[in-house]
Amino acid sequence: MSKRKNIFIIDGNSFIHRAFHALPPLTNSAGFPTNAITGTLNMINAIMNKFEYEKLIVCFDSKEKTFRHDMFKEYKANRKPTDPDLKKQFQPIRDIINALGLPVVVKDGVEADDTMVSLAIKADLEGYNAIIATSDKDIKQCVNENIFILDTKDADTKGEYYGVEGVIEREGVTPEQIIDKLSLMGDKADNIPGIQGVGDKTAIKFIQDFGTIENLINNTDQLKGKLREKVEKGIEDLKLSKELVIIKKDVDVPSIKDLKAEKNPEELIKLLDEYGLDRLKKSFIKDSDLKSL
C-alpha cells in the first residue's frame, strides 16, 4: 500500500486568537492593527514550509448560532466581547488566505470543530492522513491511526503532530474516552457545567475505575462522602455536558478532491503590502507568481 498523503486542516479561529494574544500590538503604516494578521499567517507559513501535504484547508466558525446554543442557551454565554482590534483583523486574514489559494470551509449551524472533524473523517475515508491544527481539546476525541493533532502553539515552532499515543500521554485517557473526561471536567470557556469540583486527576480516576460516565452514574453507591454527593447532585449537568462535548462528525462537507481555490498573486501582493507584511511576501510570492502578473 502506498504511503498516505497529508491533508492539513487549520482551526482558523484558534490561530487568530493565539496570534492576537501572543504578539505585542503591531500596526501597519496607517495605524491598522496587524498582530493577529501577522501571527496567523506566520503559523500558516510555518506549516507550509515544514510539512509535506497534498492540501491545506482553513476552517472558521460561522457567525450564526449553533445547534449547541439550541440545546443549552447558556452555551458560551460567559465569554467576553471580542476585542475591537482583534475583530478588525478577521476579514483581512480571510482575504489573504483566499488570495493565497487555500480552500476555506465555514458551515452554518455548527462550529469549526464539527466542520474540521467531518473533513478529517472524509479525508481518512478518501485515503489521506488528516492533521488538524488546533488548540481545542474536544478534537482529540476523533484521533485514530490516520487522524492527528498539531497543537496551535506548536504550529510556528518545531512541534510535531501526534496521534493516539500522544493523546494518551497528554490526557491520561484514550481518544474514545476524551468525551467522558471533558464531560466530567466541564469547560469554563464554553460554559459547559461538568461536575462541580472535578478536575483532571479525578476525571481520569473515574474513567479508570468505572470506564464510562454511564457506569459511574449507575454506581454512585461505590463513592464516598462529598464526592458521591457532588456526582449525584451533578448527574443532569453531566448528561448535558456530554451532549455538548460530542463533536458532530457528519457535517455536509465537500470531498477533499473538490476543495479547490485559486491563488491570486496580484491581490496577494496588494494585501501583503497594505498590511506591511514584507517578510511573508518573500515566502508567499514565488518567481512563477511574478511571471503571471
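Structure: see above.
A brief report on the enclosed structure follows. From a predicted model like this one, the values you see are computed outputs, not experimental measurements.

Here is what the cut-offs are and how they apply
Every residue gets a number counted from 1 within its own chain, in the order that chain's sequence is written. In keeping with the predicted nature of the model, local features appear solely for residues at pLDDT of at least 70, side-chain atom pairs appear and are counted solely at 80 or more, and the whole-chain, interface and lining totals rest on all residues. Hydrogens and water are ignored here; the side-chain numbers use all heavy atoms of the structure. The criterion for strand pairing is that DSSP finds at least two bridges linking the strands in question. Runs of E in the DSSP output that reach at least two residues are strands. Runs of H or I that reach at least four are helices, and both are numbered from the N terminus. The criterion used for residue contact is that any of the two residues' heavy atoms lie within 4.5 Å. The axes used here are C-alpha line fits, helices contributing only the stretch in contact, and every angle between their N-to-C directions lies in the interval 0 to 180 degrees. We define a salt bridge as a side-chain nitrogen of Lys or Arg found within 4 Å of a carboxyl oxygen belonging to Asp or Glu. The buried label applies to any residue whose accessible area, calculated with a 1.4 Å probe on protein chains only, is under 20% of its type's maximum; exposed applies above 50%, and partly exposed to all values in between. Here a cavity is any set of points on a 1 Å grid over the protein atoms alone where a 1.4 Å probe fits but cannot get out, and a pocket is any open set with protein on both sides within 12 Å along at least 5 of 7 lines; a residue lines the site when it has an atom within 4 Å of a point. Grid points are joined across faces, edges and corners, and a volume is the space filled by probe spheres set on the points. Whenever a nitrogen or oxygen atom comes within 3.5 Å of another N or O atom, the pair is scored as a polar contact, on the condition that within protein one atom can donate a hydrogen and the other can accept it, and that pairs from neighbouring residues in sequence are kept only if both atoms are in side chains. All residues other than Ala, Val, Leu, Ile, Met, Phe, Trp, Tyr, Cys, Pro, Asp, Glu, Lys and Arg, Gly among them, are scored as polar; the first ten of these are nonpolar and the last four charged. Roughly parallel means an angle under 35 degrees; roughly antiparallel means over 145; roughly perpendicular covers 65 to 115; every other angle is labelled oblique. Take the far helix as the reference: if the near one is turned anticlockwise from it by less than a right angle, the crossing is left-handed, and if turned clockwise, right-handed. As used here, the term nonpolar core means buried Ala, Val, Leu, Ile, Met, Phe, Trp, Tyr and Cys residues forming a set that is joined through side-chain atoms within 4.5 Å. Between 30 and 60 degrees the pair is tilted, below 30 it is stacked and above 60 it is edge-to-face, where a pair is any two Phe, Tyr or Trp rings, Trp via its six-membered ring, whose centres lie within 6.5 Å. By definition, being over a ring means that NZ of Lys or CZ of Arg is both within 6 Å of the ring centre and within 35 degrees of the ring normal.

Once that is clear, we can look at the sheet that holds strand E5 (residues 147–151). The five strands lie next to each other as E3-E2-E1-E4-E5, forming an open sheet whose pairing is parallel. The open sheet is flanked by strand E3 (104–105) and E5, the only strands paired with a single partner. In this sheet, E5 lies alongside strand E4 (residues 129–134) in parallel orientation, the contact comprising five bridges. Pairing of Ile131 across the sheet is with Phe148, part of E5. Where helix H6 (residues 112–125) meets the sheet, its contacts fall on strand E1 (6–11), strand E2 (55–59), E3, E4 and E5, and the angle it forms with E1 comes to roughly 175°.

Attention now moves to the pattern of salt bridges. Under the definition given, this model contains 19 salt bridges. Across the pair Asp200 and Lys181 runs a salt bridge whose closest N-O atoms are separated by 2.7 Å. On the criterion of sequence distance, the pair formed by Asp200 in helix H9 (residues 200–210) and Lys181 in helix H8 (residues 178–185) is long-range, its members being 19 residues apart. Judged by its relative accessible area of 0%, Lys181 falls in the buried class. Residue Glu267 pairs with Lys270 through a salt bridge whose shortest N-O separation is 3.8 Å. A residue pair is termed a helical-turn pair when its members lie 3 or 4 positions apart in one helix, as Glu267 and Lys270 do in helix H13 (residues 265–274) at three residues.

The next thing to look at is the environment of Met48. Along the chain, the position of Met48 falls in helix H2 (residues 35–50). On the accessibility criterion, Met48 (24% relative accessible area) is partly exposed. In contact with Met48, not counting residues within four places along its chain, are Tyr53, Leu56 and Phe284.

This brings us to the layout of surface pockets. Estimates place the volume of the largest pocket at around 1,700 Å³. Surrounding the largest pocket, 48 residues form its lining, Asn13, His17, Asp61, Lys76 and Arg79 being those nearest its centre. Sorting the residues of the lining of the largest pocket by element identifies helix H1 (12–22), helix H4 (84–87), helix H5 (90–100), H6 and H8 as the ones contributing at least two each. Per-element accounting of the lining of the largest pocket gives the leading share, seven residues, to H1.

The next point concerns the side chain of Ser62. For Ser62, the position within the fold is in the loop between E2 and helix H3 (67–71). A polar contact of 3.0 Å, which involves the side chain of Ser62, links it to the backbone nitrogen of Glu64. Within polar-contact distance, the side chain of Ser62 engages the side chain of Asp108 at 2.5 Å. Not counting chain neighbours up to four residues away, the residues in contact with Ser62 comprise Val106, Lys107 and Asp108.

For the structure shown, the criterion picks out one cavity of 30 Å³ or more. Approximately 50 Å³ is the volume found for the largest cavity. If you go around the largest cavity, the residues you meet are Arg68, Tyr75, Glu111, Asp113, Asp136, Asp138, Asp190, Ile192, Leu244, Val245 and Ile247. Considering only residue class, the lining of the largest cavity consists of five nonpolar, no polar and six charged.

Before going further, it helps to spend a moment on the packing of H8 against helix H12 (residues 235–245). Taken N-terminus to C-terminus, the directions of H8 and H12 make an angle of 130°; their axes are 8 Å apart at the nearest point. Classified by the angle between their axes, H8 and H12 sit oblique to one another. Helix-helix and strand crossings are classified by hand; for H8 and H12 the assignment is right-handed. Between H8 and H12, the residues in contact are Ile179, Asp180, Leu182, Ser183 and Leu184 and Leu238, Ser241, Lys242 and Val245, respectively. Class assignment for the residues of the contact of H8 with H12 results in five nonpolar, two polar and two charged.

To continue, consider the nonpolar core. Counting residues in each nonpolar core, the largest one holds 51 residues, and the members touching the most others are Ile9, Leu119, Ile132 and Leu184. Broken down by element, this core gets its largest block of residues, six residues, from H6. Residues Ile16, Leu100, Phe148 and Ala155 belong to the second largest nonpolar core, which totals 37 residues.

Among the secondary structure elements, Ile37 is positioned in helix H2. Judged by relative accessible area, which is 0%, Ile37 ranks as buried. Separated by 22 residues in sequence, Ile37 and Phe15 place their C-alpha atoms 9.7 Å apart. Look past the residues within four positions of Ile37 in its chain and what remains in contact with it is Phe32, Gln89, Pro92, Ile93, Ile96, Tyr275 and Leu277.

Moving on to the packing of aromatic side chains. Tallied over the full model, the rule gives seven aromatic pairs. Among the aromatic side chains, those forming a connected cluster through ring pairs are Phe8, Phe51, Tyr53, Phe148 and Tyr161. Above the face of the Tyr162 ring, Arg170 is positioned so that its terminal group lies 3.6 Å from the ring centre.

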